[in-house]
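# Structural characterization, general
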2 protein chains.
Amino acid sequence: MRADINDARSGAAQVTQIRGTQAGSRRSDGGEGTGGSVAELGEFGLIAAMSARLPTGPDVLLGPGDDAAVISVPDNRVVATTDMLVEGRHFRRDWSPAYDVGRKAAAQNLADVAAMGAVPTALLVSFGAPPDLPAQWALEFADGLRDETTAAGASVAGGDVVASGPIVISITALGTLQGRAPLTRSGARSGDVVAVCGRLGWSAAGLTVLGRGFRSPRVVVEAHRRPEPPYDAGPEAAALGASALIDVSDGLLADLGHVARASGVRIDVDTSTLEVADPLRAVAAAINADPLAFVLTGGEDHALAATFGPDVELPERWQVVGRVLPAQERGQQAEGQPRPSDEPPVTVDGEVYDGPAGHDHFR
Amino acid sequence: MRADINDARSGAAQVTQIRGTQAGSRRSDGGEGTGGSVAELGEFGLIAAMSARLPTGPDVLLGPGDDAAVISVPDNRVVATTDMLVEGRHFRRDWSPAYDVGRKAAAQNLADVAAMGAVPTALLVSFGAPPDLPAQWALEFADGLRDETTAAGASVAGGDVVASGPIVISITALGTLQGRAPLTRSGARSGDVVAVCGRLGWSAAGLTVLGRGFRSPRVVVEAHRRPEPPYDAGPEAAALGASALIDVSDGLLADLGHVARASGVRIDVDTSTLEVADPLRAVAAAINADPLAFVLTGGEDHALAATFGPDVELPERWQVVGRVLPAQERGQQAEGQPRPSDEPPVTVDGEVYDGPAGHDHFR
């Protein structure tokens, strides 16, 4: 809701081009119709129509419509995380329906809150849309946001709508620790076990299928379009006394690497404990690849990976997949070996993994 | 930090293209050099280099580097607002240096926190960058973010970096009410005075100058590039007992329209009280326009506009510019007049203003 520099491009544009009805009055322009583009609906009409689909929950003390929202934070500490999705980079309109883009955009932020051992309370959503985007796309996106946010026990507290070239979605998720300490990446200790709750590799398999122009196996395509993070496993891990917790967004090895580095330990993954589901085997067979690569390196399923003391009794949905080892000591190294800081802190069945690894957005 | 769908475009891309060093290890790639592009620095190198320029303040209990940040909120309520800026829409690299884009992006979000009568505590920043963007641009942008955030008494708690076509910046600002009630748009009462703290029309005049290919008067160009919101005037208005408060981002008439509608009142602006500074007169004369149009309709200076009871003694920096009137009653209307809901709720010297008005991003 600020001036657009394009207003200034031609002549006395500041005084002519921004002419129009007073801001806000377009809410009653009949903009509730959804057959047209977001430009036809107008900025304020779009905000009104999206907001109407996003009821606020009890944690939102003051919702959309003012300069800022006010959200309840019971224990004087708010957990906050943000992620941006760019059309053509993180999603494609021909690969995912708007509703699923909304669910996924919400899910990846809500999962980051859960990965602190916290409970999500509210989202703020910035939505950049090309003016010719069908308004229906924006409204179905809002429906997806709403349903995923509700599933996590939160709601949408506010946002911003701007014109953009590609669709750009930026979400900030807030949450509460309910009096607990935050569960960081840095608390893993030698002797701990590594356990995972949630799926691994399904989204990556789905992405591979879509990248080849196919739509099946449908279960992996659906998993790519709409991850199902186990939100309540975050607070559960905290209650079980987890020493570290992370959201598996980059891939199991990459994310365990973050934990190992932050904690100053090594981690070994035992592949005999990893379930490789049939649909992943089918996709891997079709492209002549190792299905285990999906499980070890596929991101975006938003499983949670935690480390626990060796004696913790874990609920069934937490699968032990590895163990935490002491950092390699220099004394153990043979002459001419790489320096410890260059060694991968995560091994697979005791060996350096030589398959594909993590992701860098700019490479 | 998620998979990029472009990884899937060619063949078994998921298993081949994301090959690389383990995520995170690029921090030691010598990526601190800033002569190259963000792609050469790499995602993790860029995050590390930007984070190094963004020290966290005392309100940030856990800063960048984990799944989420943890921020102190002393009174169990967090104020939260978000805005997105798209290159070519909200700023141009040839019109504003990176440092100023950083300051402005922070300022417009921090001002929204102040406009609730709150004190800003922390920002979360999502940064979408074209891979060929000079890394130096990103670092100077971070410097601007830092300086504006520090000026407002806050710091940057976390963020996200992704690849994008145009530069896209999405910021969420958090703040604390320090035990006070939030100052909304809906509390203005008939009989109140309307007062403004901060500049009006300077940014719009600067935008007009830039749009015509000029760089002077320099003071208005600087005002466009780097607004100076009076952050502490927000909590001050609350302490003075303001009945409503808003950030002037769309323009005085448009934003007072938001207050009038939300409060169910009318507002009349008295132009004899409005200062029209010499640089604004100079720009208006050059384009044969009314300089008052800048003051009444120019956005993005992020002044604060408040309503106060008629007997409040205001500090000198608050300029009384109008008064709050009762909503027009139907009984007062002549036959055939427009319905009250269609009437502009803000008048200028008692008349409907027929100059340019607010801004709609999609029109």
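Residues numbered from 1 in each chain as written. Chains lettered and ligands numbered in written order. Predicted model: local features only at pLDDT ≥ 70, side-chain atom pairs only at ≥ 80, totals over all residues. Heavy atoms only, no water.

As annotated in an unreviewed UniProt entry, chain A is Thiamine-monophosphate kinase from Actinopolymorpha cephalotaxi. Turning to chain A, the UniProt annotation filed under Pathway (unreviewed entry) states: "Cofactor biosynthesis; thiamine diphosphate biosynthesis; thiamine diphosphate from thiamine phosphate: step 1/1." You can read under Catalytic activity (unreviewed entry) in the UniProt record for chain A the words "thiamine phosphate + ATP = thiamine diphosphate + ADP". (UniProt positions renumbered as here; feature names shortened; annotations may be inferred.)

## A word on the UniProt feature "binding site: Mg(2+) 3" (unreviewed entry) in chain A
The UniProt feature table records "binding site: Mg(2+) 3" (unreviewed entry) at Asp 67, Asp 112 and Asp 247 of chain A. Structurally, the position occupied by Asp 67 of chain A is in the loop between β1 (60-62) and β2 (69-72). Given a relative accessible area of 5%, Asp 67 of chain A falls into the buried group. The residues touching Asp 67 of chain A, leaving out its near neighbours within four places in the chain, are Thr 81, Asp 112, Ala 115, Met 116, Arg 185, Leu 245, Ile 246 and Asp 247 of chain B. Its place among the elements puts Asp 112 of chain A in helix α4 (residues 98-114). (Helix = DSSP H or I, 4+ residues; strand = E, 2+ residues; numbered from the N terminus. Buried < 20%, exposed > 50% of the residue type's maximum accessible area, 1.4 Å probe, protein only. Contact = heavy atoms within 4.5 Å.)

## Remarks on the side chain of Asp 143 of chain B
Residue and element names in this part refer to chain B. Among the structural elements, Asp 143 can be located in helix α5 (residues 135-151). Residue classification places Asp 143 among the buried positions, given a relative accessible area of 15%. Sequence-distant contacts of Asp 143, defined by excluding residues within four places in its chain, comprise Arg 53 and Tyr 99.

## Some details on the packing of aromatic side chains
Within this structure, the stated rule accounts for 10 aromatic pairs over all chains. When the ring of Phe 308 of chain B is compared with that of Trp 318 of chain B, the centres are 5.4 Å apart and the planes differ by 80 degrees; the resulting orientation is edge-to-face. Placement of Phe 308 of chain B in strand β10 (residues 303-308) and of Trp 318 of chain B in the loop between β10 and β11 (319-326) is noted, with a sequence separation of 10 residues between them. Neither residue differs from the other here; Phe 308 of chain B and Trp 318 of chain B are each classed as buried. Ring pairing ties together the aromatic residues Phe 91, Phe 127, Trp 137 and Phe 141 of chain A, which thus form one cluster. One residue, Arg 92 of chain B, lies across the ring of Trp 95 of chain B, its end atom 4.1 Å from the ring centre. One Lys or Arg, Arg 199 of chain B, reaches over the ring of Trp 202 of chain B and ends 4.9 Å from the middle of that ring. (Phe/Tyr/Trp six-rings, centres within 6.5 Å; stacked < 30°, edge-to-face > 60°. Lys NZ or Arg CZ within 6 Å of the ring centre and 35° of its normal.)

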